[in-house]
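These are the residues of each chain, in order.
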Amino acid sequence: MRDVFDLLTQLVGERPALTFAAMLVVHIAAGLAAVVAGATAMLSPKRRGRHPNAGRIYCAALCVVCATAVGTAALHWPEDAYLVVLGALSLAAASVGYLARHHLWQGWIRLHILGMGTSYIVLLTAFYVDNGPRLPMWDRLPVLAFWVVPSLIGFPLVVRALHGRFGARRARTIDRPVAL
């Protein structure tokens, strides 16, 4: 039976030190939780219950992902420095989305959709940039694809959400927020 260190060795290319391995295990678990919770929030009806609960889990998991990204990047500096930048961008976008909704800024619904959608896209970009070269089929793509493909797929979906469900006329008439 393979141990965790053997599995992590496949991910990072060398047998990791205990501190790095521990942070990486937490990072992977939080990243998976963020991806699942983010998808759940996006695909759930926008009302009390599943959507805000999944959104809170997404934000909490994203905070853990960012903290562990800083820790793991510090141990592999400077080659993993970009992960800190992507984590900060993802967390900043999610924070704008959350704060717009929580404080009911003018145009909050659009800011919420744009912030949370951008955060999710940046989260997936970081995953693919870091892991794409080691994924089956993805390993055949040029490095630029890992940086661009999540945005090429994600931003049209964000625009669709902004204009489809919450078109200009409907967005002006919404005065009550979705309950958190």
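Located above this text is the structure these notes cover.
Quantities reported herein were computed from a predicted structural model and do not represent experimental measurements.

**Student:** I'd like a description of the packing of aromatic side chains, backed by residues and values.
**Tutor:** Applying the stated criterion to the full structure yields five aromatic pairs. Considering the side-chain rings of Tyr128 and Trp138, the 4.3 Å spacing of their centres and the 20 degrees angle between planes classify their relative orientation as stacked. Of the two residues, Tyr128 sits in helix α5 (residues 108-131) while Trp138 sits in the loop between α5 and α6 (143-165), which places them 10 residues apart along the sequence. One aromatic cluster in this structure is built from Phe127, Tyr128, Trp138 and Phe146. The lysine or arginine in question, Arg101, covers the ring of Trp108, its NZ or CZ lying 5.4 Å from the ring centre.

**Student:** Before we move on, can you summarise the environment of His76 with the specific residues and values?
**Tutor:** For His76, the position within the fold is in the loop between α3 (50-75) and α4 (81-102). Expressed as a C-alpha distance, the spacing of His76 and Phe20, which sit 56 residues apart in the sequence, is 9.1 Å. Not counting the four nearest positions on each side in its chain, His76 is found in contact with Glu14 and Phe20.

**Student:** Now, about the packing of α3 against α4: what can you tell me, with residues and values included?
**Tutor:** Running from amino to carboxyl end, α3 crosses α4 at an angle of 160 degrees, the nearest separation of the two axes being 9 Å. Classified by the interaxial angle, the pair formed by α3 and α4 is roughly antiparallel. Note that α3 runs across α4; the crossing there is left-handed. Across the interface between the two elements, Tyr58, Leu62, Cys63, Cys66, Ala69, Val70 and Ala73 from α3 touch Leu83, Val84, Gly87, Ser90, Leu91 and Ala94 from α4.

What counts, and at which threshold
Residues numbered from 1 in each chain as written. Predicted model: local features only at pLDDT ≥ 70, side-chain atom pairs only at ≥ 80, totals over all residues. Heavy atoms only, no water. Phe/Tyr/Trp six-rings, centres within 6.5 Å; stacked < 30°, edge-to-face > 60°. Helix = DSSP H or I, 4+ residues; strand = E, 2+ residues; numbered from the N terminus. Lys NZ or Arg CZ within 6 Å of the ring centre and 35° of its normal. Contact = heavy atoms within 4.5 Å. Axes fitted to C-alpha atoms, helices over the stretch in contact; angles between N-to-C directions. Parallel < 35°, antiparallel > 145°, perpendicular 65-115°, else oblique. Left-handed = near helix turned anticlockwise from the far one by under 90°.

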